[in-house]
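Per-entry structural report
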Amino acid sequence: GLTRAFLYAGTPSVVVSLWRVEDAVGRHLMEAFHRELLANGGRKAAALRRAQLATVAELRAGRLRNARGEPLTESPLLWASFVLVGEAT
C-alpha cells in the first residue's frame, strides 16, 4: 500500500490510519500530533501518544462532533486507528 511506497521512497516514518475515522477526529488528532511534534523536539512516537490522549480528552468533553453535529463518543474506534510506522524518533 501507500505506507510501503513512502518507506521505499526514503521517508523515515509515516503516521497512518488502519481504518476510516470521522473527519473531525482525524483532523483534531493530526493537528495535535504536529503541535506535539514541534513541541517535543521531533519525538514522533511520543507526539502521537500525546495527540491520542488529547483527542480522547476532547471526545470525553463532547467537543468533537460528527457531520450532523452530534457529539462523538470516546470509542477507541475513533482514535486508536492511528499508528506510527518506521522510525519512532
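Refer to the preceding data block for the structure.
Residues numbered from 1 in each chain as written. Predicted model: local features only at pLDDT ≥ 70, side-chain atom pairs only at ≥ 80, totals over all residues. Heavy atoms only, no water.

**Comments concerning the overall build of the protein**
Inclusion rule: Secondary structure elements follow DSSP: runs of H or I no shorter than four residues count as helices, runs of E no shorter than two count as strands, and numbering proceeds from the N terminus. The classification of residues rests on relative accessible area computed with a 1.4 Å probe and restricted to protein chains. Under 20% of the type maximum is buried, over 50% is exposed, and intermediate values are partly exposed. We treat Lys and Arg as the positive residues and Asp and Glu as the negative residues; His and chain ends play no part in the count. Think of each charge as sitting on NZ of Lys, CZ of Arg, CG of Asp or CD of Glu.
Within the protein, the regular secondary structure consists of four helices and two strands. Secondary structure elements in the protein, listed N-terminal to C-terminal, are α-β-α-α-α-β. In terms of principal-axis extent, the alpha carbons of the protein reach across some 40 × 30 × 15 Å. Counting across all 89 residues of the protein, residues that qualify as buried make up 31%. In the protein, 12 side chains carry a positive charge and 8 a negative one; their mean positions are 4 Å apart.

**Side note on the environment of A32**
Mapped onto the elements, A32 comes out in helix 2 (residues 23–39). For the pair formed by A32 and Q52, sequence separation is 20 residues and the distance between their alpha carbons is 8.2 Å.

**With respect to the side chain of Q52**
How we decide: Contacts: residue pairs with any heavy atoms within 4.5 Å of one another.
Tracing the backbone shows Q52 in helix 3 (residues 44–60). Judged by its relative accessible area of 15%, Q52 is buried. Sequence-distant contacts of Q52, that is, excluding residues within four places in its chain, are made with L29, W79, A80 and F82.

**Remarks on the pattern of salt bridges**
A pair can form between side chains of opposite charge whenever their charged atoms are brought close. Definition in use: What counts as a salt bridge is simple: a side-chain nitrogen of Lys or Arg found within 4 Å of a carboxyl oxygen of Asp or Glu.
Taken as a whole, this structure holds three salt bridges when the rule is applied. Here R60 and E74 are joined by a salt bridge, their closest N and O atoms 2.8 Å apart. Within this pair, whereas R60 is found in helix 3, its partner E74 is found in the loop between helix 3 and helix 4 (76–79), the two being separated by 14 residues in sequence. What makes E74 partly exposed here is its relative accessible area of 36%. Of the charged contacts in the structure, one is a salt bridge between R68 and E70, with a shortest N-O distance of 3.1 Å. Given the relative accessible area of 67%, R68 is considered exposed.

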